[in-house]
Amino acid sequence: MARRHDPERRQRIIDAAIRVVGEKGLAGLTHRSVAARADVPLGSTTYHFATLDELMVAALRQANEGFAKVIASRGGLDDPDADLVRELAGWMGEWLAGDRTGVELEYELYLAALRRPALRPVAAEWAADLAGLLARRTDPVTARALVALMDGICLQVLLTGTPYDEEYAREVLGRVIGP
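Quick caveat, the model's predicted, so the values are computed rather than measured.

## Some points on the nonpolar core
Trp-91, Leu-134 and Leu-173 are the most contacted members of the largest nonpolar core, which has 57 residues in total. For this core, the secondary structure elements donating two or more residues are α1 (9-24), α2 (31-38), α4 (52-74), α5 (84-97), α6 (100-112), α7 (120-134), α8 (140-160) and α9 (166-177). It is α4 that provides the largest number of residues to this core, a total of 9 residues.

The following block contains the structure:
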C-alpha cells in the first residue's frame, strides 16, 4: 500500500495537542489522546514527536505566537512617540480578551517548564525575545522588569478569575518605566 502524503499532519498533531491540553490539562496529554483528536494513527504522533516533551515544546512555541501576533498587530514599539505604558497595558488587555483557552494553555505549558527541563529554553526564549523588543524603548534591566511584571499581572488574572484592570496595569507599568 502506498504511503499517503499528508504535509499538514504535523501541524494537525500540534493543534490537537493544544486542544487536548486546553480540555484536559497536561495530565491528559498522551500520544494516544493527541492521535485520536487529530484523527491520525498513533504511529504518526510518535513519528513526528518521539516524546511528549517534544510535542509540548512545539505546542508552546505555537502558543507563544499568540502574544507575538498581538504585539505585531499593534506596532507601538516601532513608534518612538507612542506611549509605552499604554501600549503594554493594551497588549495585555487584548491578549487576555482573546481566546481564553489559548492564554491558559500558554501559561500551563510555560509553568510546566518548572518540571520539564525540555520546555525551559522555549519559556526563556519567549521572555528574552519580549525583553529584547522592550529594550528598544527602555534599558535592558527595565525591559526585564516589565516582562516579569506583565507575566505576574496576566498570571494573577488567570488564577483569580478577576477581570483585567487596564488602569491598574498602566499605573504599575508606569512606576517601573518611570518618568
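## Examining the packing of α8 against α9
Across the interface, α8 lies against α9 with an axial gap of 10 Å and an inter-helix angle of 160°. In terms of their interaxial angle, α8 and α9 are classed as roughly antiparallel. The handedness of the crossing between α8 and α9 is right-handed. Contact with α8, carried on its side by Thr-142, Ala-145, Leu-146, Leu-149, Met-150 and Ile-153, involves Tyr-168, Ala-169, Val-172, Leu-173, Val-176 and Ile-177 of α9 and no other residues of that element. In terms of residue class, the contact of α8 with α9 is made up of 11 nonpolar, 1 polar and no charged.

## Section: α6
The end-to-end C-alpha separation of α6 is 18 Å, in line with the 18 Å expected for 13 residues at 1.5 Å each. Here α6 has its buried residues at Val-103, Leu-105, Glu-106, Tyr-107, Leu-109, Tyr-110 and Ala-112.

## So, the packing of aromatic side chains
What the rule picks out here adds up to 1 aromatic pair. Pairing Trp-95 with Tyr-107 gives two aromatic rings, centres 5.8 Å apart and planes at 55°, and the pair type is tilted. Placement of Trp-95 in helix α5 and of Tyr-107 in helix α6 is noted, with a sequence separation of 12 residues between them. You can call Trp-95 buried: its relative accessible area is 8%. Under the relative-accessibility criterion, Tyr-107 is labelled buried at 7%.

## Side note on the packing of α7 against α8
Relative placement of two packed helices is described by the angle separating their axes and the distance separating the axes. Taken N-terminus to C-terminus, the directions of α7 and α8 make an angle of 125°; their axes are 8 Å apart at the nearest point. Relative to α8, α7 is oriented oblique. Handedness of the α7/α8 crossing: right-handed. Contacts between α7 and α8 involve Trp-126, Ala-127, Leu-130, Ala-131 and Leu-134 from the former and Ala-143, Arg-144, Leu-146, Val-147, Met-150 and Asp-151 from the latter.

## Structural notes on α7
The terminal C-alpha atoms of α7 lie 21 Å apart, and with 15 residues this matches the ideal 21 Å at 1.5 Å per residue to within 8%. Listed in full, the buried residues belonging to α7 are Val-122, Ala-123, Trp-126, Leu-130, Ala-131 and Leu-134.

## Describing the environment of Ala-112
Within the element layout of this structure, Ala-112 appears in helix α6. It is 22 Å that separates the C-alpha atoms of Ala-112 and Leu-146, two residues lying 34 residues apart in sequence.

Criteria and thresholds
- Residues numbered from 1 in each chain as written.
- Predicted model: local features only at pLDDT ≥ 70, side-chain atom pairs only at ≥ 80, totals over all residues.
- Heavy atoms only, no water.
- Core = buried A, V, L, I, M, F, W, Y, C linked by side-chain atoms within 4.5 Å.
- Buried < 20%, exposed > 50% of the residue type's maximum accessible area, 1.4 Å probe, protein only.
- Helix = DSSP H or I, 4+ residues; strand = E, 2+ residues; numbered from the N terminus.
- Axes fitted to C-alpha atoms, helices over the stretch in contact; angles between N-to-C directions.
- Parallel < 35°, antiparallel > 145°, perpendicular 65-115°, else oblique.
- Left-handed = near helix turned anticlockwise from the far one by under 90°.
- Contact = heavy atoms within 4.5 Å.
- Nonpolar A, V, L, I, M, F, W, Y, C, P; charged D, E, K, R; others polar.
- Expected span 1.5 Å × (residues − 1).
- Phe/Tyr/Trp six-rings, centres within 6.5 Å; stacked < 30°, edge-to-face > 60°.

All quantities given are derived from atomic positions and should not be read as evidence of function.
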